[in-house]
Amino acid sequence: MGSQILKISPFASSTPLIFNATPFLRFQAKRVVAICGHPKTQFRFSVSSSSGFVPSSQRGFRGGVVAMAAPGSVQKSEEEWRAILSPEQFRILRQKGTEYPGTGEYDKFFGEGVYQCAGCGTPLYKSTTKFNSGCGWPAFFEGLPGAINRTPDPDGRRIEITCAACGGHLGHVFKGEGFPTPTDERHCVNSISLKFAPANS
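The text that follows walks through the structure, step by step, so that each part is easy to find. Values in this document were obtained by computation on a predicted structure and should not be read as measured data.

1. Here's the deal with the overall build of the protein chain
Working step 1: A tally of regular secondary structure across the protein chain gives two helices and 13 strands.
Working step 2: Within the span of the protein chain, comprising 201 residues, buried residues form 46% of the whole.
Working step 3: Only carbon and sulfur atoms are counted for the fraction: they give 53% of the accessible area of the protein chain, which is about 10100 Å².

As structure tokens, this is what we get:
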């Protein structure tokens, strides 16, 4: 419990990001047992704490300044969202659904660029913060400053992450799992909630 100060990546503001963090999972030895997904379709899995993290220096993003929409700036009716999203995008982004693990387009993808909200196009994550957690969903150790909102689930077990601009459901964030990342945080994100913009596009 209490406030935690995270280091922001070199591309972000020098101002520390402060938030309240609460551990949601318990781990034994060097094995990580994690839960992802919607409460009705949760998946359990275990991965070694040494699995697959690729240092950002090996996947450096050389892009320039990333512009973001103002928080809450994209507001549409349910009918408008249905008109611009595919049925599966609507189920996940607007109805808080979850992809099956290992099926998402970006699970094992590590191109250089920026991941945007598939609903409104707001930049959410730099590729330099993506790592292989082995969980079956894209994993990031931090989002772009101000781009992502955190809200405790009603049952208090997890923290939901949503796009700050449009409220689209992204997934959940977990902390303290022991991954060798700068923040020891895992943003477990549905691929379908994201749209990748290559660095040189």
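So that's the structure; there's more coming.
2. Let's talk about the sheet that holds strand E12 (residues 185-189)
Working step 1: Spatial ordering of the open sheet is given by E7-E8-E12-E11-E10-E9, a layout of six strands whose pairing is antiparallel. Looking along the sheet, the strands with just one partner apiece sit at the ends: strand E7 (130-131) and strand E9 (148-152).
Working step 2: For E7 and strand E8 (residues 139-140), the ladder comprises two bridges, and the chain directions are antiparallel. In the strand pairing of E8, Phe-131 is matched with Ala-139.

3. A short note on the nonpolar core
Working step 1: In this structure, Leu-124, Tyr-125 and Leu-194 are the most contacted members of the largest nonpolar core, which totals 24 residues.
Working step 2: Per-element tally for this core: the top contributor is strand E10 (residues 159-163), with three residues.
Working step 3: Among all residues touching Leu-194, those that are not within four sequence positions of it are Tyr-106, Tyr-115, Gln-116, Ala-118, Leu-124, Tyr-125, Phe-140 and Val-189.

4. Section: unusual backbone geometry
Working step 1: Of note, Lys-96 is a non-glycine position whose phi angle comes to about 60 degrees, a positive value.
Working step 2: Counting through the fold element by element, Lys-96 comes out in the loop between helix H2 (87-94) and strand E5 (113-117).
Working step 3: Positive phi outside glycine occurs at Asp-184, with the angle close to 55 degrees.
Working step 4: Relative to the helices and strands, Asp-184 is located in the loop between strand E11 (169-175) and E12.

5. Regarding H2
Working step 1: Those residues of H2 that sit buried are Gln-89, Phe-90, Ile-92 and Leu-93.
Working step 2: Among the structural elements, helix H1 (78-84) and E11 are those in contact with the buried residues of H2.

Cut-offs used in this document
- Residues numbered from 1 in each chain as written.
- Predicted model: local features only at pLDDT ≥ 70, side-chain atom pairs only at ≥ 80, totals over all residues.
- Heavy atoms only, no water.
- Helix = DSSP H or I, 4+ residues; strand = E, 2+ residues; numbered from the N terminus.
- Buried < 20%, exposed > 50% of the residue type's maximum accessible area, 1.4 Å probe, protein only.
- Areas by Shrake-Rupley, 256 points an atom, 1.4 Å probe, with all protein chains shown as cover.
- Pairing = 2+ DSSP bridges.
- Core = buried A, V, L, I, M, F, W, Y, C linked by side-chain atoms within 4.5 Å.
- Contact = heavy atoms within 4.5 Å.

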